[in-house]
Amino acid sequence: VQLQASGGGLVQAGGSLRLSCAASGRTFSNYAVGWFRQAPGKEREFVATITSTGGNTHHADSVKGRFTISRDNAGNTVYLQMNSLKPGDTAVYYCAARYNGGSRIFVVSYHYPYWGQGTQVTVSS
């Protein structure tokens, strides 16, 4: 499966952005999808994940209540709605996928063999 992340940009603190992860090449509804981010000089960290049917989601504590992951399998797209953005959310955001039709949640990057190219999110104070 090929992934294309988009929707990043420059926003002021307190603002919102919606990231999109568009998939092609395989039956997208069979894949769990995760969002990760990497800030300069820091390791890649988990942000959110959603199971293949969208029935189960999990968000990192640092974004819980502010970010929401969702998916549209008919449109082969996963979204990350980001509200109340903070300067600490500044990073390159990546979407990733793994073939899994169950309800298990994956929060570690090496569980995902397929990755998009990343989209830059910059939050100014």
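Just above sits the structure.
To start, this report covers the structure provided alongside it.

1. A closer look at the pairing of strand β8 (residues 77-82)
Here β8 lies mainly inside the structure; five of its six residues are buried. As paired strands, strand β7 (residues 67-72) and β8 are joined by six bridges and run antiparallel to one another. Its bridge partner being in β8, Ser 70 is matched across the sheet by Tyr 79. If you look at the hairpin formed by β7 and β8, you'll find four residues sitting between the two strands, and Asn 76 has a positive phi there, around 55°.

2. Some words on the side chain of Arg 37
Note on placement: Arg 37 falls in strand β4 (residues 31-38). Arg 37 gets classed as buried once you look at its relative accessible area, which sits at 5%. Within the structure, the side chain of Arg 37 is placed 2.5 Å from the side chain of Glu 45, a separation counted as a polar contact. If sequence neighbours within four positions are ignored, Arg 37 has contacts with Glu 43, Arg 44, Glu 45, Val 47, Ser 62, Val 63, Phe 67, Gly 88, Asp 89, Ala 91, Val 92 and Tyr 93.

Rules of the game
Residues numbered from 1 in each chain as written. Predicted model: local features only at pLDDT ≥ 70, side-chain atom pairs only at ≥ 80, totals over all residues. Heavy atoms only, no water. Buried < 20%, exposed > 50% of the residue type's maximum accessible area, 1.4 Å probe, protein only. Helix = DSSP H or I, 4+ residues; strand = E, 2+ residues; numbered from the N terminus. Pairing = 2+ DSSP bridges. Polar contact = N/O pair within 3.5 Å; in protein donor to acceptor, adjacent residues only side chain to side chain. Contact = heavy atoms within 4.5 Å.

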